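Spelled out from the first residue to the last, the chains are:
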Amino acid sequence: MNILEIKNVSIEFALKKGILRACDNVSIDIKKGEVLGIIGESGSGKSTLASGILNLISSPGKLVSGEVWYYENNIKTNLLNKTPEQFNEYRWEKIATVFQAAQNALNPVIKIKEHFIETAFAHNWHNETEIIKKSEQVLEYVRLDANVLEAYPHQLSGGMKQRVLIALSLLLDPEIIILDEPTTALDVITQWYIIDILHKINKELGITLIFCTHDIAVISKVIDRIAVMYGGQIVEYGNVKEVFTLPMHPYTQGLLKAIPTLKDNMETRQAIAGAAPNLLEKQPACRFSPRCSFYKEKTCSNLADELYVNGERASRCPIGGIV
Ligand SMILES: Nc1ncnc2c1ncn2[C@@H]1O[C@H](COP(=O)(O)OP(=O)(O)OP(=O)(O)O)[C@@H](O)[C@H]1O
């Protein structure tokens, strides 16, 4: 059962140098209760897509087309048709977000307690005693002591701040949490600790999670499905085990070859040759073709701009594997 359907979402930034299309016709369904990982290198459009789902694109950006359908009790609503006031009923209460704590996601001049109170007030919940009680519960859920409420953000470590943001996202019992690079800038042990907490949130509370990250190694243990973005497009998606075993798109194949593990020889790791596309320039129909070995070695001459979908699998490459 789908909880969210993203249909043909395109987002552009009007810059001095021209129009930058950061998301180009992105479509993907998200199932209730699943953990979806959206991966891709820096600039591939993950954060822009996350903001687009929440209708949070601001100037010079613009959501130029698309629909985001939210399902509840067999009723579907296109969130992008909502006014900002109407959308506010969905943001946090239905769909919450966790950004990187390092990116000033917490206000440095107010105590952690005030972040919880402000969020609740913004959603017409004004009983401070109840808010604090619930804040203590969600903090406990992310393994933080209630005394954190009296701290200022600078008094907490990076990992603690990230857990505060996760607790804050749980305050209004959302159905979906979108996490944008939730573990970047944290040490490896803390990354695993956070992943473990998120896994518990998904399994015990049944909350659907959407992870946007470039760090495929960290999220691979927790995600059910994976969607790979390249140059503002989804180039492949599918069940994580299937995609890891049989990646179909040459970009996914390259990403998987580039992941270091503790067991293997670093010399067998290969970076993907070439650079990510400059989205201000006109793109070839197949955006990956300038870096693609199939194309360079003339195994492929098909430059169709098409996502081939078969059931639960999809790939934008006609020859990397059959969907
Ligand atoms: N506010 C903005 N103004 C101008 N261009 C932007 C803005 N936000 C994003 N972009 C551009 O949109 C493209 C996609 O960026 P986005 O941040 O969504 O990628 P990403 O995959 O999330 O990368 P990262 O992990 O580095 O954030 C990039 O070319 C980026 O420069």
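Quick caveat, the model's predicted, so the values are computed rather than measured.

(A) Spotlight on the site of the ligand. Taken together, 13 residues form the shell around the ligand, and within it Ser42, Gly43, Lys46, Ser47 and Thr48 come nearest. Separating an oxygen atom of the ligand from a side-chain N or O atom of Ser42 is a distance of 2.5 Å. Thr48 places a polar side-chain atom, nitrogen or oxygen, 2.5 Å from an oxygen atom of the ligand. Protein chains bury 65% of the 620 Å² of accessible surface belonging to the ligand in isolation. Per element, the largest residue contribution to the shell around the ligand is three residues, and it comes from helix H1 (residues 46-53). A per-class count over the shell around the ligand returns four nonpolar, six polar and three charged.

(B) The packing of aromatic side chains, seen in detail. Applying the stated criterion across every chain, the model contains four aromatic pairs. With 5.8 Å between their ring centres and 80° between their planes, Tyr70 and Tyr90 make a pair best called edge-to-face. Of this pair, Tyr70 sits in strand S4 (residues 61-72) while Tyr90 sits in the loop between helix H2 (84-88) and strand S6 (95-98), and the two are 20 residues apart along the sequence. For the pair formed by Tyr70 and Tyr90, the shared burial category is buried. Measuring from ring centre to ring centre gives 4.6 Å for Tyr230 and Tyr251, while their planes differ by 50°; the resulting arrangement is tilted. Separated by 21 residues along the polypeptide, Tyr230 in strand S9 (residues 225-230) and Tyr251 in helix H9 (residues 250-258) bring together distant segments of the chain. Looking at Tyr251, the relative accessible area reads 0%, which means it is buried. Among the aromatic residues, those joined into a ring-pair cluster are Tyr230, Tyr251 and Phe288. A cation over a ring is seen here: Lys76 above Trp69, with NZ or CZ 4.6 Å from the ring centre. Seen from the ring of Tyr141, Lys200 lies directly overhead, with NZ or CZ sitting 4.2 Å from the centre.

(C) Region of interest: the pattern of salt bridges. Counting across every chain of the model gives 17 salt bridges. A salt bridge links Glu72 to Lys94, with the shortest nitrogen-to-oxygen separation between them at 2.8 Å. Of this pair, Glu72 sits in strand S4 while Lys94 sits in the loop between H2 and S6; the two residues are 22 residues apart in sequence, bridging distant segments of the chain. In this structure Glu72 comes out as partly exposed when scored by relative accessible area, which is 30%. Classification of Lys94 as partly exposed rests on a relative accessible area of 21%.

(D) Main features of the sheet that holds S4. The strand order across the open sheet built from four strands is S2-S1-S4-S5, with neighbouring strands paired in antiparallel fashion. In this open sheet, the two edge strands, each paired with only one partner strand, are strand S2 (18-31) and strand S5 (75-78). Sheet twist, expressed as the mean angle between neighbouring strand axes with direction ignored, is 10°. Across ten bridges, strand S1 (residues 2-15) lies against S2 in antiparallel orientation. Among the inter-strand pairings, Leu4 is bridged to a residue of S2, identified as Ile30. On the sheet, H1 packs against S1, S2 and S4 and is oriented at approximately 115° with respect to S1.

Conventions adopted
Residues numbered from 1 in each chain as written. Predicted model: local features only at pLDDT ≥ 70, side-chain atom pairs only at ≥ 80, totals over all residues. Heavy atoms only, no water. Near = heavy atom within 4 Å. Polar contact = N/O pair within 3.5 Å; in protein donor to acceptor, adjacent residues only side chain to side chain. Areas by Shrake-Rupley, 256 points an atom, 1.4 Å probe, with all protein chains shown as cover. Helix = DSSP H or I, 4+ residues; strand = E, 2+ residues; numbered from the N terminus. Nonpolar A, V, L, I, M, F, W, Y, C, P; charged D, E, K, R; others polar. Phe/Tyr/Trp six-rings, centres within 6.5 Å; stacked < 30°, edge-to-face > 60°. Buried < 20%, exposed > 50% of the residue type's maximum accessible area, 1.4 Å probe, protein only. Lys NZ or Arg CZ within 6 Å of the ring centre and 35° of its normal. Salt bridge = Lys/Arg side-chain N within 4 Å of Asp/Glu carboxyl O. Pairing = 2+ DSSP bridges. Axes fitted to C-alpha atoms, helices over the stretch in contact; angles between N-to-C directions. Contact = heavy atoms within 4.5 Å.

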